[in-house]
Amino acid sequence: MSGAHILFLIGGYFLVLLIISYFTGKNDSNEDFFKAGKQSPWYLVAFGMVGASLSGVTFISVPGWVEASQFSYMQVVLGYFLGYFIVAFVLLPIYYKQNVTSIYEYLDNRFGFVSYKVGAISFFVSRVLGAAFRLFLVAIVLQQFVFDAWGVPFEVTVTLSILLIWIYTFKGGIKTIVWTDTLQTLFMLLSVGLSIYFILDQLDWTFGEFLGSDELSNYSKTFFTDDFFAKNHFLKSFLGGMFVTICMTGLDQDMMQKNLTCKNLKEAQKNMVSFSVVLVIVTFVFMLLGALLFIYANKYQIALPLMDGKPKSDLLFPEIALNSGLGIMVAITFMLGLIAAAYSSADSALTSLTTSFCVDFLGTEKKERALARRIRRFTHVGMSLLLIVVVIAFKYILDKNVIDGLLTVASYTYGPLLGLFSFGIFTTYKVRDNYVWLVALASVTLIVLLAKIPSESLGGYIFGYELLPLNGLLTFLGLFLIRKK
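Colleague: Describe the environment of Ile167, and please don't skip the residues or the numbers.
Modeller: With respect to the helices and strands, Ile167 occurs in helix α8 (residues 154-169). In this structure, the C-alpha to C-alpha distance between Ile167 and Leu18, residues 149 residues apart in sequence, is 7.8 Å.

Take a look at the structure:
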């Protein structure tokens, strides 16, 4: 599949998104941009959230991680599953009861101004980095397989990608995204299913033969319980996954903003529960795809693609789909799936960053309507420029698998949010609000220092995703120390 064909496909795809944007963004109001008028059908939100949660990171990085980690990621996903139920039945009732636009308004009501800002800043940093991880992944694929051959710099690739997102979200915001996410999820799931079908056909296997094959068993070990000191031990992965979900979904404006567009709490909870079941099943299919990719690569002697002279497992799926001779259908379905997966999370991230900055930092809900709308438009542009800068920076500093890097960053940035919300929900104490930022900063600093301790100094123990709940616990204890009677 040539670069020109890929660009033609991207152009047609975005034309469809622009048509959706035209019909959903007619009002161009902050009410629709932030909350979609609270009229979104729950099943539409649930289906769209599958694509937004998986994103380009899952689409490429999870299959590429299978050789190094086998199916151990499913331990984290099972933790996700329990976490979604906690979000549905503990956090959602609070947000609906207080009728918030930004979920961090809860911290203002519970503790005060400084706590509110600490929560908003924690989200802002987390979401900028998370969105940049996802956009970086799709940008390096486009760069590797399209723009390098044309001599287009990586910086231009990134700028064009974010410009396209800005164009179809700048009026409708979350109202547009609820509908575009649904379309993008459909494309992504079709792409995975068809990719598995065509690769199995090339290997002359049925799906049943693949599941029972010795080759699959070499990659499919799921539960790791032998060495508690190892990073991928089941208990550490499961608890880490649960807290990642609570933080990256339940305490994240991006994901909660979609839920808050549902008509009422009951529909939002139905959305969350049904979405969690589908997500576990879909992620397992991605793991199967990853094993199949490595089996295919070994049989046909396909080496891992190089990026800056280093093998990059994240690029194996696009290498096989586009350059291994599987045919034009595999290439088309892969590119549609990649574009859909990447932009289904990136567009909502851009919208949620705009929402949070407008509501939490600029106070647009207290301003005159026309002025608030102008501020929102300028902020939307500013957030787009910020993402461009951060994504470009990742090219020069990122040295690990993207999904691993994303979860590691979450361990640092979401900890203060976990501690603040937990303290607010499970205690009745007030706190000395002016000192909350010191508690959050101290907690993150301690976690970073802890993560840098060599495993030899800890008897071989390697920290994994349990750093996130530990970060939250440190914040919780810090808040207890500055509590008021």
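Colleague: Residues and numbers for a nonpolar patch on the surface, please.
Modeller: The grouping of Leu18, Val156, Leu160, Leu163 and Ile167 at the surface amounts to a nonpolar patch, some 360 Å² of accessible area in total. Top element by residues in the nonpolar patch is α8. It accounts for four residues. On the secondary structure map, Leu18 appears in helix α1 (residues 3-24).

Colleague: Describe the pattern of salt bridges, listing the residues and the values that go with them.
Modeller: Scanning the entire structure with this criterion turns up one salt bridge. Here Lys221 and Asp226 are joined by a salt bridge, their closest N and O atoms 3.9 Å apart.

Colleague: Talk me through the confidence of the model for the protein chain; I want residue IDs and the actual numbers.
Modeller: Per-residue confidence for the protein chain gives a mean pLDDT of 82; residues scoring 70 or more make up 91%. Mean pLDDT across the elements of the protein chain ranges from a minimum in helix α18 (residues 402-413), with 63, to a maximum in strand β3 (residues 430-431), with 95.

Colleague: Describe in detail helix α19 (residues 415-426), supporting the description with residues and values.
Modeller: End to end, α19 covers 16 Å across twelve residues, agreeing with the expected 16 Å (1.5 Å per residue, within 8%). By the criterion of burial, α19 is predominantly enclosed, with ten of the twelve residues buried. Among the residues of α19, those classed as buried are Gly415, Pro416, Leu417, Leu418, Gly419, Leu420, Phe421, Ser422, Phe423 and Gly424.

Colleague: Help me get a handle on the environment of Ser21, residues and values and all.
Modeller: Mapped onto the elements of the fold, Ser21 is located in helix α1. Between the alpha carbons of Ser21 and Lys175 there is a distance of 8.8 Å; along the sequence they are 154 residues apart.

Colleague: I'd like a description of the packing of aromatic side chains, backed by residues and values.
Modeller: Here the structure, examined in full by the defined rule, presents 23 aromatic pairs. A centroid spacing of 6.0 Å and a plane angle of 25 degrees characterise the contact between Tyr219 and Phe294, whose relative ring orientation is stacked. In this pair, Tyr219 is assigned in the loop between α11 (214-217) and α12 (234-250) and Phe294 in helix α14 (residues 265-299), connecting sequence segments 75 residues apart. Between Tyr296 and Tyr300, the ring centres sit 4.7 Å apart and the planes meet at 40 degrees, which makes this aromatic pair tilted.

Colleague: An account of the packing of helix α5 (residues 73-98) against α12 is needed here, citing residue identities and associated values.
Modeller: Where α5 meets α12, the axes come as close as 7 Å, and the angle between the chain directions of the two elements is 35 degrees. Read as a crossing pair, α5 and α12 show a hand that is right-handed. Contacts between α5 and α12 involve Gln75, Val76, Leu78, Gly79, Tyr80, Leu82, Gly83, Tyr84, Ile86, Val87, Leu91 and Tyr95 on the former and, on the latter, Phe234, Ser237, Phe238, Gly241, Met242, Val244, Thr245, Ile246, Thr249 and Gly250. Residues that form the contact of α5 with α12 fall into these classes: 14 nonpolar, eight polar and no charged.

The rules behind these values
Residues numbered from 1 in each chain as written. Predicted model: local features only at pLDDT ≥ 70, side-chain atom pairs only at ≥ 80, totals over all residues. Heavy atoms only, no water. Helix = DSSP H or I, 4+ residues; strand = E, 2+ residues; numbered from the N terminus. Patch = residues over 30% accessible without salt bridge, like charges linked within 9 Å, V, L, I, M, F, W, Y side chains within 5 Å. Areas by Shrake-Rupley, 256 points an atom, 1.4 Å probe, with all protein chains shown as cover. Salt bridge = Lys/Arg side-chain N within 4 Å of Asp/Glu carboxyl O. pLDDT = per-residue confidence, 0-100. Expected span 1.5 Å × (residues − 1). Buried < 20%, exposed > 50% of the residue type's maximum accessible area, 1.4 Å probe, protein only. Phe/Tyr/Trp six-rings, centres within 6.5 Å; stacked < 30°, edge-to-face > 60°. Axes fitted to C-alpha atoms, helices over the stretch in contact; angles between N-to-C directions. Left-handed = near helix turned anticlockwise from the far one by under 90°. Contact = heavy atoms within 4.5 Å. Nonpolar A, V, L, I, M, F, W, Y, C, P; charged D, E, K, R; others polar.

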